[in-house]
Amino acid sequence: MLAVPDMGLQGLYIGSSPERSPVPSPPGSPRTQESCGIAPLTPSQSPKPEARAPQHAPFSVVVAIDFGTTSSGYAFSFASDPEAIHMMRKWEGGDPGVAHQKTPTCLLLTPDGAFHSFGYTARDYYHDLDPEEARDWLYFEKFKMKIHSATDLTLKTQLEAVNGKKMPALEVFAHALRFFKEHALQELREQCPSLPEKDTVRWVLTVPAIWKQPAKQFMREAAYLAGLVSREDAEQLLIALEPEAASVYCRKLRLHQLLDLSSRAPGSGRLGERRSIDSSFRQAREQLRRSRHSRTFLVESGVGELWAEMQAGDRYVVADCGGGTVDLTVHQLEQPHGTLKELYKASGGPYGAVGVDLAFEQLLGRIFGEDFITTFKRQRPAAWVDLTIAFEARKRTAGPHRAGALNISLPFSFIDFYRKQRGHNVETALRRSSVNFVKWSSQGMLRMSCEAMNELFQPTVSGIIQHIEALLARPEVQGVKLLFLVGGFAESAVLQHAVQTALGARGLRVVVPHNVGLTILKGAVLFGQAPGVVRVRRSPLTYGVGVLNRFVAGCHPPEKLLVRDGRRWCTDVFERFVAAEQSVALGEEVRRSYCPARPGQRRVLINLYCCAAEDARFITDPGVRKCGALSLELEPSDGASPGRREIRAAMQFGDTEIKVTAVDVSTNRSVRAAIDFLSN
């Protein structure tokens, strides 16, 4: 907005905002128009980006937290031996046959909202509560997806516990992160008693690559609230993109640590006489060894054997299939140091393993009635959790060629509650149901055919495959040689078989790392030790500022004309910093210089805008929205001529988070601020 001039204070308008104050136009102006308070000092030409090497404070240890939809965990490594990754201690509790190097993303708060427990401890304690007592406790599970799906995410966004009670999402996430912080620091103190407490840990938080900037900022705010780092030491916290972390880890793997899905024996869901990737690439490897330069690349880059066999410039896809989302990223291997270049912006969608859980819930609704399931979840929340645990155990055993039905235990509370609500038992409900592939077992269980279980996977698995196929059709992705299937859902034999069947015919090699559920966590640790490994990223959106430009008749719309102090301005001009899909190197700065619209202006407010389109001209164009603001208090300047005072703005887009700075060149006073994506 523009304030009254005689107050000696003038802000900058960069967009339509309900709180703006109208500014009277001088006589002769065609209309009353609010205006930007800065005008370009130079024509609107994209200056050559300037790259700056990122500066990171010294640290002794990197602790990465993989905060997943269904399970979470942490790992760490010391700066003295960065590739020796220490996994967290085994968690108490757990499920038979499931590795306990992660714990369920379950949070339990007391009835008054205080922290009680997290993970297996929270789940098991909640399970053992009396049904009536459980109604008062706040139990949260799979709540990460709420941040992705929220269209108007703010610091005041609420999350609903399984009993229907709500509390601020920021507090819920902070409770969970604080738990991991305390758990990790305690383990570090036990392993290394001499480790100093302050400024010694670099924290890394993983987020899906498809998360928009508000969700990333939300996680950072939760980390501040949890005490991982302070705002003053913001550089101690890195946000890692999950498929990038997986890519960083995969590049370190040796051949025996990978499974090639194309080697599965036909007609079985198991690995047949396993064909090692080693044999598939042997010829290429021998060619590389003949090259002295390639041998140097092998040694100096520190990459694993598979990557050494790949030529510089080779392209591959990482499909991170997690509990809540599928994330796809496309990387290209670069010489001489084995750095990575993103070829296409991260894409994906809500096609995680929870989609199978939702399909099961819908199946129960068809059998017992959707209204009953809704009532049961609300009035018997602990029993509902028991039922989901029972289904999860059977879901993990599902396979494309499994023979024999699967039994799913129904909690006694479910059976009893249904009889009281409906007046007949669950066996009667199954007989009357149109669902003929689920029967009642004499053992008191739901008996589901393998075909029925696999059918529950189909909507989610089809969404994943369709998204991968759409990505592979992009011209930027031509020449892909490998697809790495990673994430917790990648452990599913159903998903592995479907992906290999659909994509193997393309000649694409589908590879799954061993311990695939830990790939992102371990990669996040490596990323924290060397954030510069991903050298180039693609901007997912177009970013810029709103400015005044000199009005050019015939070029600018008449309704954008503003006449002020005898000058003709075009308002609402979108001055682009970076375009959607543009490649941006790590540390690269895009700069613009502006001058205040009025001599003597004391305060500058630069609003920032973003949109998906590459060719937006005005900040009022459809799809363009305000996404942040940066203010700069101007001190008196005697060195600059009236109307030519230079304000230099710079944005960095090559990192996982966007950084913005602005400086008054005459006084060298600068303001550095992250864009506030949560206030819109």
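Values in this document were obtained by computation on a predicted structure and should not be read as measured data.

1. Thoughts on the packing of helix H13 (residues 381-395) against helix H16 (residues 450-472)
Contact geometry for H13 and H16: axes closest at 11 Å, N-to-C directions at 95 degrees. In terms of their interaxial angle, H13 and H16 are classed as roughly perpendicular. For the pair formed by H13 and H16, the contact residues are Phe391, Arg394 and Lys395 on the first element and Met453, Leu456 and Phe457 on the second. When grouped by side-chain class, the residues that make up the contact of H13 with H16 number four nonpolar, no polar and two charged.

2. Some thoughts on the environment of Arg422
Here Arg422 lies in helix H14 (residues 412-422). Separated by 50 residues in sequence, Arg422 and Phe372 place their C-alpha atoms 8.8 Å apart. Arg422 has contacts with Phe368, Gly369, Asp371 and Phe372, leaving out every residue within four places of it along the chain.

3. Notes on the nonpolar core
Core analysis: the biggest nonpolar cluster contains 96 residues, and Phe368 and Leu485 have the highest contact counts within it. The biggest single contributor to this core is H16, with eleven residues. The next biggest cluster of nonpolar side chains, apart from the first, holds 51 residues, and it includes Leu159, Ala169, Val207 and Leu228.

4. Details of the pairing of strand S12 (residues 201-207)
Every other side chain in a regular strand lies on the same face of the sheet, so the side chains alternate between the two faces. In terms of residue burial, S12 counts as a mostly covered element, since seven of its seven residues are buried. Residues Val201, Trp203, Leu205 and Val207 point to one face of S12 and Arg202, Val204 and Thr206 to the other, with burial holding for every one of them. For strand S3 (residues 61-67) and S12, the ladder comprises five bridges, and the chain directions are parallel. Considered in S12, the bridge of Val61 is made with Val201. Note that S12 and strand S13 (residues 237-241) share five bridges and pair parallel. Considered in S13, the bridge of Leu205 is made with Ile239. Handedness of the crossover joining S12 and S13 through helix H5 (residues 213-226) is recorded here as right-handed.

5. Digging into the sheet that holds strand S19 (residues 438-440)
Paired through backbone hydrogen bonds, the strands of a sheet run either parallel or antiparallel to each other. Strand order in this open sheet of three strands is S18-S20-S19, and the pairing throughout is antiparallel. Two strands lie at the open edges of the sheet, namely strand S18 (406-409) and S19, each paired on one side alone. Strand-to-strand, the axes of this sheet are offset by a mean angle of 30 degrees, without reference to chain direction. As paired elements, S19 and strand S20 (residues 445-448) share three bridges and run antiparallel to each other. Counted as the bridge partner of Lys439 is Arg447 from S20.

6. With respect to the pattern of salt bridges
Applying the stated criterion to the full structure yields 26 salt bridges. Linking Glu657 and Arg220 is a salt bridge whose minimum nitrogen-to-oxygen distance equals 2.7 Å. Remark: Arg220 occurs in helix H5 and Glu657 occurs in the loop between strand S31 (647-652) and strand S32 (659-664); sequence separation between them is 437 residues. Here Arg396 makes a salt bridge to Glu392, at a shortest N to O gap of 3.3 Å. A network of salt bridges, in which partner residues are shared, links Lys142, Asp357, Glu392, Lys395, Arg396 and Glu491.

7. Thoughts on the state of the cysteines
Applying the stated rule across the entire model yields zero disulfides. Of the cysteine sulfurs around Cys627, a residue in no disulfide, the closest is that of Cys610, at 3.9 Å.

8. A word on unusual backbone geometry
The phi angle at Asn515 is positive, at roughly 50 degrees, despite the residue not being glycine. Along the chain, Asn515 falls in the loop between strand S22 (509-513) and helix H18 (519-529). Even without a glycine there, the phi angle at Asp565 is positive, about 55 degrees. With respect to the helices and strands, Asp565 occurs in the loop between strand S25 (561-564) and strand S26 (567-578).

9. Some details on helix H11 (residues 354-368)
Over its 15 residues, H11 runs 21 Å from end to end, which matches the ideal 21 Å to within 8%, given 1.5 Å per residue. For H11, the complete set of buried residues consists of Val354, Val356, Asp357, Ala359, Phe360, Leu363, Leu364, Gly365, Ile367 and Phe368. Immediately beyond the C-terminal end of H11, within one or two residues, lies Gly369, with a positive phi of roughly 100 degrees.

Conventions adopted
- Residues numbered from 1 in each chain as written.
- Predicted model: local features only at pLDDT ≥ 70, side-chain atom pairs only at ≥ 80, totals over all residues.
- Heavy atoms only, no water.
- Axes fitted to C-alpha atoms, helices over the stretch in contact; angles between N-to-C directions.
- Helix = DSSP H or I, 4+ residues; strand = E, 2+ residues; numbered from the N terminus.
- Parallel < 35°, antiparallel > 145°, perpendicular 65-115°, else oblique.
- Contact = heavy atoms within 4.5 Å.
- Nonpolar A, V, L, I, M, F, W, Y, C, P; charged D, E, K, R; others polar.
- Core = buried A, V, L, I, M, F, W, Y, C linked by side-chain atoms within 4.5 Å.
- Buried < 20%, exposed > 50% of the residue type's maximum accessible area, 1.4 Å probe, protein only.
- Pairing = 2+ DSSP bridges.
- Right-handed = clockwise from strand over helix to strand, strands pointing away.
- Salt bridge = Lys/Arg side-chain N within 4 Å of Asp/Glu carboxyl O.
- Disulfide = S-S within 2.5 Å.
- Expected span 1.5 Å × (residues − 1).

This is a description of form; function is not addressed.
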